[in-house]
Amino acid sequence: MMRTMGILAFATAAGCFAAIATPACAQETWDETLKNTISSWWTAARNSARIATLNPVTINMCWASDKNALMADPAIVAGFQKVRGNEKVTVTFPRDSSGTLLGSGDIMSQWESGKLNCATVSPDASILGLRSAKWNAAEQTMYASSMVIAVVNPQAAEVLGKFYNKDPKALRFMDLVAAAGKNWADLAPGNTEVANWGTVKGHATDCARSASCQVAAVALAYSASGQTNVTGRELSDPKVKSVIDSYREKVDHTEGSTGRLTQKCFLNPVECDFFFTYESQIPAIEKQIPGAMILYNDRVIPADQVVLVTTTDPAQKEAAVRFVEHIMSPPIQKLIAERYGFRPGTVVDVEGPVQKLKQLRLGIVRNPNPVFVEAVLANVATPTSH
């Protein structure tokens, strides 16, 4: 109870808004990133000879769970089917027993094994494709993106800042992971209130099932290596290995989806000293955990929403390209940003929270080394026993 009251007091002092902290080594805005991200395959595909009107055809879109709400929006599928020539296209999505889109891990594994027959595949982060022999990164198209953030309980942020002798806004993912599982009493000797907090409770999703966990893992490894020009051998460096081991073993990975983890921490913030989620959740975080510290890592791996057209059937391929074209259209790009909190995949003017996020200067790692990514994910993306 005392800690809950402390949170409320801290929130009042903070003006009831989450504090968003960006790295000192930040490099570029989102529009600057987009101008250097070009899909030659998409440019060629949309400019190729096109069929005026499609005959009845069904396309199975293997899109992962972070797009649940987006794909349910009438402007997406129903809007696509209202476009002249698309009236006879049926769009389906693989779902679980509850009607929810499958997680990224399930999408990728079932597509790779042949269990899913997909016209397109879209995991919740492009780095997942780097582990697949079937994925062709040269032909992927990014239509949206998000960044993984760390959300730190306001009181926890204050204590961790003192422990690391940093402004809490300067804390990074590595600092949080290094503290996970430690006794608060050891981090703040002599502080009688902190002594009753138990251990530092850090949360991420299950890396075997969720993209946000994998994105955070790769970001941590880049930070620990201290460089962007990596090869994969850095995982043998004790410093890098220690960070990845701590992330895997000291952070709780019970939840299988980012949405469920975020809601869990909203329901009981005291049990989540820090957790990893997507920046699209920032408006909700400000309401649910007033005064929370929101941190971007010093090395940012975007959770790019990319799509790969995988069907070889000409009619399905044409329909799939048309669907991607619909998603990439300016009205849908604005909808993706303004209603669902994703960064758009094209340079387009938007309003609301994403407009501010686009202006943040972040240390984005472009084109992460595939060997390095595979090495990191091999260390963390195994089923957990929690």
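Residues numbered from 1 in each chain as written. Predicted model: local features only at pLDDT ≥ 70, side-chain atom pairs only at ≥ 80, totals over all residues. Heavy atoms only, no water.

Caption draft 1: Representation of the layout of surface pockets within the structure. Put simply, the second largest pocket is a space of about 540 Å³. Looking at the second largest pocket, it is lined by 31 residues, and the ones nearest its centre are S65, D66, N68, S257 and G259. Of all the elements in the fold, those that place two or more residues in the lining of the second largest pocket are α4 (68-72), α6 (104-113), α12 (258-267) and β8 (274-278). Broken down by element, the residue count for the lining of the second largest pocket peaks at four residues, all from α12. Within the lining of the second largest pocket, the residues separate by chemical class into eight nonpolar, 17 polar and six charged. (1 Å grid on protein atoms, 1.4 Å probe; cavity = no way out; pocket = protein on both sides within 12 Å on 5 of 7 lines; lining within 4 Å. Points joined across faces, edges and corners; volume = space filled by probe spheres on them. Helix = DSSP H or I, 4+ residues; strand = E, 2+ residues; numbered from the N terminus. Nonpolar A, V, L, I, M, F, W, Y, C, P; charged D, E, K, R; others polar.)

Caption draft 2: Region of interest: the pattern of salt bridges. Under the defined criterion, the tally for this structure stands at 12 salt bridges. When the shortest N-O distance is used, the salt bridge between R343 and E279 registers 2.4 Å. Of this pair, R343 sits in strand β11 (residues 343-344) while E279 sits in the loop between β8 and α13 (282-288), placing them 64 residues apart in sequence. For the residue pair R343 and E279, the accessibility class agrees, reading buried in each case. Three or more residues joined by partner-sharing salt bridges are found here, namely K241, D245, R248 and E249. (Salt bridge = Lys/Arg side-chain N within 4 Å of Asp/Glu carboxyl O. Buried < 20%, exposed > 50% of the residue type's maximum accessible area, 1.4 Å probe, protein only.)

Caption draft 3: A look at the packing of helix α10 (residues 211-225) against helix α17 (residues 370-380). Viewed as axis vectors pointing N to C, α10 and α17 meet at an angle of 120°, and their least axial separation amounts to 9 Å. The orientation of α10 with respect to α17, classified from their angle, is oblique. Seen from above, α10 lies across α17 with right-handed handedness. In this structure, α10 uses Q214, A217, V218, A221 and Y222 to contact α17, whose residues at the interface are F372, V373, V376, L377 and V380. Across the contact of α10 with α17, the residue classes break down as nine nonpolar, one polar and no charged. (Axes fitted to C-alpha atoms, helices over the stretch in contact; angles between N-to-C directions. Parallel < 35°, antiparallel > 145°, perpendicular 65-115°, else oblique. Left-handed = near helix turned anticlockwise from the far one by under 90°. Contact = heavy atoms within 4.5 Å.)

Caption draft 4: Highlighting the nonpolar core. Within the largest apolar cluster, 90 residues are counted, with the highest numbers of intra-cluster contacts made by W184, Y247 and F276. Counting residues per element, this core draws most heavily on α10, at 11 residues. By size, the runner-up hydrophobic cluster in this structure holds 33 residues, among which are W63, M71, V89 and V321. (Core = buried A, V, L, I, M, F, W, Y, C linked by side-chain atoms within 4.5 Å.)

Caption draft 5: Just the packing of α10 against helix α11 (residues 238-250), in detail. The N-to-C vectors of α10 and α11 enclose an angle of 155°; their axes lie 8 Å apart at closest approach. As summarised for this structure, α10 and α11 are arranged roughly antiparallel, according to the angle between their axes. Crossing of α10 over α11 shows right-handed handedness. Here C213, A216, A217, L220, A221, A224 and S225 of α10 come into contact with α11, specifically with K239, V240, V243, I244 and Y247. A breakdown of the residues in the contact of α10 with α11 according to their chemical character gives 10 nonpolar, one polar and one charged.

Caption draft 6: Just the side chain of S122, in detail. Take S122: it is sitting in strand β4 (residues 120-122). Since its relative accessible area comes to 0%, S122 is described here as buried. Those residues in contact with S122, other than ones at most four positions away along the chain, are C62, W63, A64, K67, Y143, V306 and V307.

Caption draft 7: Quick peek at helix α15 (residues 330-340). Every buried residue of α15 is accounted for by I332, Q333, L335, I336 and A337. Tucked inside the fold, the buried residues of α15 contact α4, β5 (141-146), α14 (314-328), β11 and α16 (353-357). Once α15 finishes, G341 follows within two positions and takes phi at roughly 80°, a positive value.

Caption draft 8: Geometry of the sheet that holds strand β3 (residues 89-92). Pairing in this open sheet of six strands is mixed, and the strands run β3-β2-β4-β10-β5-β11 from one edge to the other. Strands with a single pairing partner mark the edges of an open sheet, and in this sheet they are β3 and β11. As paired elements, strand β2 (residues 57-63) and β3 share four bridges and run parallel to each other. Its bridge partner being in β3, T58 is matched across the sheet by T90. Sheet contacts for α14: β2, β3, β4, β5 and β10 (303-309); angle to β2, the most-contacted strand, approximately 55°. (Pairing = 2+ DSSP bridges.)

Caption draft 9: Structural view of the packing of aromatic side chains. Inspection of every chain in the model, using the stated rule, returns 11 aromatic pairs. Centre to centre, the rings of W63 and Y143 are 5.0 Å apart; their planes meet at 25°, and the pair counts as stacked. On the criterion of sequence distance, the pair formed by W63 in strand β2 and Y143 in strand β5 is long-range, its members being 80 residues apart. Judged by its relative accessible area of 0%, W63 is buried. You can call Y143 buried: its relative accessible area is 1%. (Phe/Tyr/Trp six-rings, centres within 6.5 Å; stacked < 30°, edge-to-face > 60°.)

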